[in-house]
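Chains, contacts and geometry: an overview
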Amino acid sequence: MTETPPAADPAAPLAGIEVVEFTHMVMGPSIGLILADLGADVVKVEPEGGDQTRRLLGSGAGYFPMFNRNKKSVCLDLKSDDGLAAARKLCLDADVVIENFRPGTLDRLGLGYAALSADNAGLIYCSAKGFLTGPYEKRTALDEVTQMMGGLAYMTGPPGRPLRAGSSVIDITGGMFGVIGILAALEQRHRTGRGAEIKCSLYETTAFLVGQHIAQQAVTGLAARPMPVRVSAWAIYDVFETAENGEQLFVGVVSDAQWNTFTQAFDLGAIGADPAYATNNARVLARDTILPAVRALFAGMSRADLVAKLERLGLPFAPIMRPDELVSDPHLNAAGGLVPVTMENGAVAMLPALPLEFDGARAGIRHDLPRAGAHNAELLR
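Residues numbered from 1 in each chain as written. Predicted model: local features only at pLDDT ≥ 70, side-chain atom pairs only at ≥ 80, totals over all residues. Heavy atoms only, no water.

Considering the packing of aromatic side chains
The final tally for this structure, using the stated rule, is 11 aromatic pairs. Note on phenylalanine 177 and phenylalanine 208: the rings are 5.4 Å apart at their centroids and 75° apart in plane angle, and the pair reads as edge-to-face. Here phenylalanine 208 lies in helix α9 (residues 202-209) and phenylalanine 177 lies in helix α8 (residues 169-192), a separation of 31 residues in the sequence. Feature note: the residues Phe240, Phe262, Phe266 and Phe298 constitute an aromatic cluster, connected by ring pairs. Over the face of the ring belonging to tyrosine 136 we find arginine 139, whose NZ or CZ atom lies 4.0 Å from the ring centre. In this structure, lysine 309 is placed above the aromatic ring of phenylalanine 266, and the distance from its NZ or CZ to the ring centre is 4.3 Å. (Phe/Tyr/Trp six-rings, centres within 6.5 Å; stacked < 30°, edge-to-face > 60°. Helix = DSSP H or I, 4+ residues; strand = E, 2+ residues; numbered from the N terminus. Lys NZ or Arg CZ within 6 Å of the ring centre and 35° of its normal.)

Structure below.
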C-alpha cells in the first residue's frame, strides 16, 4: 500500500475541509470515506499497531479496505500524555471530528464535543452510535442487533426465520445520515460561524428504513408481512427461472403501460388479451393466474435472450448476480464505477466508487489505503 500523501484537488466539493476520525468497523469509517471521496482531508487516528478492523477474518475481511481509502493514518497511544496531546491538537485544527466508540469513551479522554468546542467553536462533531437519546442509549449495538430489534430482519426472512440483510446496510446508511448531518452543519456554520454536535445511530436508521411498513399498516389496517410472503403491489414482480439450469432473472411490470408493452411482446395467450387484466390492481388480485403463465413462458427462454428482449422493450429486469461478479460488469467498468485499491498483501482490488456523479465525474482514488501510522511524521512533526 502506498504511503504517498494524497494530491489536493481544489475542484473537489469538500476540498479544504479537515476531518479527524476516531473510528473502527464500518459505520464511523463509512462517514469518513464519503467525506474523503468528496475531497475532504481525512486523518484516521488508530491505536498503536493499527485499527483491529485491519485484521478481521471471514465476512469482516473486507471492512477495512472498502471504507478507508483516501485517508491518512496516524497511530497514537491515547493513554499517554503525548498521544492525547497530539490527538487534541489534530482536533483543534479540524473542521470535523468523527467517532463511533462506546458512549462517553472520548469524553473521558477530554476529546468529547464539549471539551473540544470550547477551544474550536467552529468544530462539527459527529458521533455514530447504536441509539439516539432515550432509554436504550447506553446499550451496545451492532448492525445485526438493530436489524433484529428494528424489524428489518423480520421483514427480510421468511416467517419465523428473521434474516439480516446481505450487507452492513444499517452501518452504511447510518453513516450516510451522519454525512447528511455534517453537511447540514457545515452550511449552518456559514451563517452562524459556530459548529454543532451531530449524532447518528443504528437503531433509528433501521426504524426509518422500515417506516414504509409501519405506514402500510396505518393505511391497510394489517401488519406488513415478511417480504418473501408479502402481497406484492404488482402481479409480475418476481424472480423467474430461465431455460438454463440455475440462471435466474428478476422481472417487474409495474404500470398499465408496461403491461401493454409486455403482453404485446410476449405471448400469454388469453391472459394477455383479457381486458379484465387491464388495470394494475386487477392483475394483483389475479396474480395466481398470471404468474404461472409467465413462469412457463420464461422457463422456455434463455436468460440472454430474455435480457436482450426486456432491455429493448425498456422493462425492468435484473439477472441475479454475486457481488464478486460485479468486478467484470461492463457498466461499472465503463466510467469510473470501480476504483483500484491496494490490499495489505499487495493485491489490487477493484472496489465500488462513491455512487455519485459531480458535474459528470466520479470520485476516484487520491490516496490508496494507508499503512497504520503512515502519516505520523507528516502530521505530528
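Read on, since the account is not over.
Looking at a nonpolar patch on the surface
On the surface, a cluster of nonpolar side chains totalling about 380 Å² of accessible area is made up of Phe177, Ile180, Phe208 and Leu209. Breaking the nonpolar patch down by element, the ones donating at least two residues are α8 and α9. Relative to the elements of secondary structure, leucine 209 occurs in helix α9. (Patch = residues over 30% accessible without salt bridge, like charges linked within 9 Å, V, L, I, M, F, W, Y side chains within 5 Å. Areas by Shrake-Rupley, 256 points an atom, 1.4 Å probe, with all protein chains shown as cover. Salt bridge = Lys/Arg side-chain N within 4 Å of Asp/Glu carboxyl O.)

Section: the packing of helix α1 (residues 27-37) against α8
One can describe the packing of α1 onto α8 by two numbers: an axis separation of 8 Å at closest approach and a directional angle of 50°. Classed by the angle they form, the pair α1 and α8 counts as oblique. Between α1 and α8 the crossing geometry is right-handed. Mapping the contact onto sequence places Met27, Ser30, Ile31, Ile34 and Leu35 in α1 and Asp171, Ile172, Gly174, Gly175, Met176, Gly178, Val179 and Ile182 in α8. Here the residues of the contact of α1 with α8 sort into 8 nonpolar, 4 polar and 1 charged. (Axes fitted to C-alpha atoms, helices over the stretch in contact; angles between N-to-C directions. Parallel < 35°, antiparallel > 145°, perpendicular 65-115°, else oblique. Left-handed = near helix turned anticlockwise from the far one by under 90°. Contact = heavy atoms within 4.5 Å. Nonpolar A, V, L, I, M, F, W, Y, C, P; charged D, E, K, R; others polar.)

Side note on the sheet that holds strand β8 (residues 248-253)
The strand order β7-β8-β9 describes an open sheet built from 3 strands, whose pairing is antiparallel. Where the open sheet ends on each side, the last strands, each with one partner, are β7 (236-241) and β9 (317-319). Here the average twist between neighbouring strands, direction ignored, is 15°. Strand direction decides the pairing type here: β8 and β9, joined by 3 bridges, are antiparallel. Directly across from leucine 249, in β9, lies its bridge partner proline 319. Helix α15 (residues 303-313) rests against β8 and β9 of the sheet, and its axis sits at about 25° to β8. (Pairing = 2+ DSSP bridges.)

Here we look at the nonpolar core
Side chains of a nonpolar character, in soluble globular proteins, are inclined to be buried together. Val19, Ile31, Leu35 and Ile182 are the most contacted members of the largest nonpolar core, which has 30 residues in total. Looking at this core, the elements that each hand over two or more residues are α1, β4 (96-99), β5 (124-129), α8 and β6 (196-201). Among all residues touching leucine 35, those that are not within four sequence positions of it are Leu14, Val19, Ala40, Val42, Ile98, Val179 and Ile182. Val251, Leu268, Val294 and Leu310 belong to the second largest nonpolar core, which has 21 residues in total. (Core = buried A, V, L, I, M, F, W, Y, C linked by side-chain atoms within 4.5 Å. Buried < 20%, exposed > 50% of the residue type's maximum accessible area, 1.4 Å probe, protein only.)

Let's talk about α8
Here α8 is 24 residues long and its end C-alpha atoms lie 34 Å apart, about the 34 Å a rise of 1.5 Å per residue gives. Those residues of α8 that fall on the buried side of the exposure criterion are Ile170, Asp171, Thr173, Gly174, Gly175, Gly178, Val179, Gly181, Ile182, Ala185, Leu186 and Arg189. Glycine 193 occupies a position one or two residues after α8 and carries a positive phi of about 80°. (Expected span 1.5 Å × (residues − 1).)

Notes on the side chain of aspartate 143
When you line up the elements, aspartate 143 lands in helix α6 (residues 143-149). Polar side-chain contacts of aspartate 143 include one of 2.8 Å to the backbone nitrogen of aspartate 171. Not counting the four nearest positions on each side in its chain, aspartate 143 is found in contact with Arg164, Ser168, Val169, Ile170, Asp171 and Leu202. (Polar contact = N/O pair within 3.5 Å; in protein donor to acceptor, adjacent residues only side chain to side chain.)

Section: the pattern of salt bridges
For the structure shown, the criterion picks out 21 salt bridges. A salt bridge links lysine 44 to aspartate 51; its shortest N-O distance comes to 3.5 Å. Accessibility classification places lysine 44 together with aspartate 51 in one group, the buried group. Linking glutamate 137 and lysine 199 is a salt bridge whose minimum nitrogen-to-oxygen distance equals 4.0 Å. A residue pair is termed long-range when its members are at least 10 positions apart, and glutamate 137 in the loop between β5 and α6 and lysine 199 in strand β6 qualify at 62 residues.

In short, geometric facts, not functional conclusions.
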